[in-house]
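Reading the structure
Here's the letter readout for the chains.
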Amino acid sequence: TEWEFKDNIYFDGYYVGSHKDSLFYVDKKNKIEWEIVPKKKRMRKVGTETKDGRIFKNDEWEKLSMTKLINEMPKFQTEEIYHYEINHGLYVTYWNTDQKKQLSSKNVKEIVATLQDKIYYIVEDSLYYYSDKTGEVLVMSYFEWNFNYKNMIFIQEN
């Protein structure tokens, strides 16, 4: 669906994270942190040059200046039972072990999202996901992802 809003959001920014039904995005050009609620087709400013923004870190909200949000580009952090690492392939380490398991031998550029039992990632111009149930699966390819892939893909749970 397409939404009409009175304010513009520029692509010169980044996805900060999600919490409950909300997505958070920092518009670096306009120096605004937005909370976007897709279910309600609503968005609001939660941070500006004169009002601290916020991130969700270790199960609590933390205020950050817009300067820090723009320059350091922090993302939401939650306790995870998995730790993913890109190092000549894609690996996972489980919280209670030091053993690494290789999920992909492909040249992974970036992890896009981790949802439930799946991890989504970019290889060249293709989006893949991995789950223990299915293994590595090609989702789609898009030539532009050879050049521009940051903040271009949003994965939502069903």
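Preceding this paragraph is the structure being described.
Rules used in this analysis
- Residues numbered from 1 in each chain as written.
- Predicted model: local features only at pLDDT ≥ 70, side-chain atom pairs only at ≥ 80, totals over all residues.
- Heavy atoms only, no water.
- Patch = residues over 30% accessible without salt bridge, like charges linked within 9 Å, V, L, I, M, F, W, Y side chains within 5 Å.
- Areas by Shrake-Rupley, 256 points an atom, 1.4 Å probe, with all protein chains shown as cover.
- Salt bridge = Lys/Arg side-chain N within 4 Å of Asp/Glu carboxyl O.
- Helix = DSSP H or I, 4+ residues; strand = E, 2+ residues; numbered from the N terminus.
- Buried < 20%, exposed > 50% of the residue type's maximum accessible area, 1.4 Å probe, protein only.
- Contact = heavy atoms within 4.5 Å.
- Pairing = 2+ DSSP bridges.
- Axes fitted to C-alpha atoms, helices over the stretch in contact; angles between N-to-C directions.

**Considerations on a nonpolar patch on the surface**
Judged by side-chain polarity, Val139, Met140 and Tyr142 come together as a nonpolar surface patch covering roughly 270 Å² of accessible area. On the secondary structure map, tyrosine 142 appears in the segment after strand E13 (135-141).

**With respect to unusual backbone geometry**
One non-glycine residue, lysine 20, lies in positive phi territory at about 55 degrees. Inspection of the secondary structure puts lysine 20 in the loop between strand E1 (13-19) and strand E2 (22-27). The residue glutamate 124 is not glycine, and still its phi comes out positive at about 50 degrees. Structurally, glutamate 124 is set in the loop between strand E11 (118-123) and strand E12 (126-131).

**Comments concerning the pattern of salt bridges**
Tallying each qualifying case throughout the model produces eight salt bridges. A salt bridge links lysine 39 to aspartate 21; the shortest N-O distance between them is 3.5 Å. Of the two residues, lysine 39 is situated in the loop between strand E3 (32-37) and strand E4 (42-47) and aspartate 21 in the loop between E1 and E2; the sequence distance between them amounts to 18 residues. Since its relative accessible area comes to 41%, aspartate 21 is described here as partly exposed. A salt bridge links glutamate 136 to lysine 106, with the shortest nitrogen-to-oxygen separation between them at 3.3 Å. Residue glutamate 136 is found in strand E13, and its partner lysine 106 is found in the loop between strand E9 (100-104) and strand E10 (108-115); the two are separated by 30 residues along the sequence.

**A closer look at the environment of asparagine 151**
Relative to the assigned elements, asparagine 151 resides in the segment after E13. Taking the C-alpha atoms as reference points, asparagine 151 and tyrosine 129, 22 residues apart in sequence, are found 17 Å from one another. If we ignore the near neighbours within four places in the chain, the residues touching asparagine 151 are Gly13, Tyr14 and Tyr15.

**Considering the pairing of E2**
The buried fraction of E2 is high, at six of six residues. Here E2 shows a buried face lined by Ser22, Phe24 and Val26 and a second buried face lined by Leu23, Tyr25 and Asp27. Across six bridges, the pairing between E1 and E2 is antiparallel. Bridging from a neighbouring strand, glycine 17 pairs with phenylalanine 24 of E2. In sequence, E1 turns back onto E2 through a hairpin of two residues, with lysine 20 there showing a positive phi of about 55 degrees. Two elements, E2 and E3, share five bridges in a ladder whose sense is antiparallel. Bridge pairing in E3 places leucine 23 opposite isoleucine 36. Between E2 and E3, which pair antiparallel one after the other, the connecting turn spans four residues, and lysine 31 there sits at a positive phi close to 55 degrees.

**Topic: the environment of aspartate 59**
Looking at the element boundaries, aspartate 59 is found in the loop between strand E5 (53-57) and strand E6 (60-64). Counting along the chain gives 10 residues from aspartate 59 to glutamate 49, while the straight-line C-alpha distance between them is 25 Å.

**Quick word on the sheet that holds E12**
Pairing in this open sheet of four strands is antiparallel, and the strands run E10-E11-E12-E13 from one edge to the other. With one partner strand each, in any of the chains shown, E10 and E13 form the two edges of the open sheet. Each strand of the sheet is rotated relative to its neighbour by a mean of 25 degrees, with strand direction disregarded. The sheet contact formed by E10 and E11 spans six bridges and is antiparallel. Across the sheet, the residue bridging to threonine 114 is isoleucine 119, located in E11.

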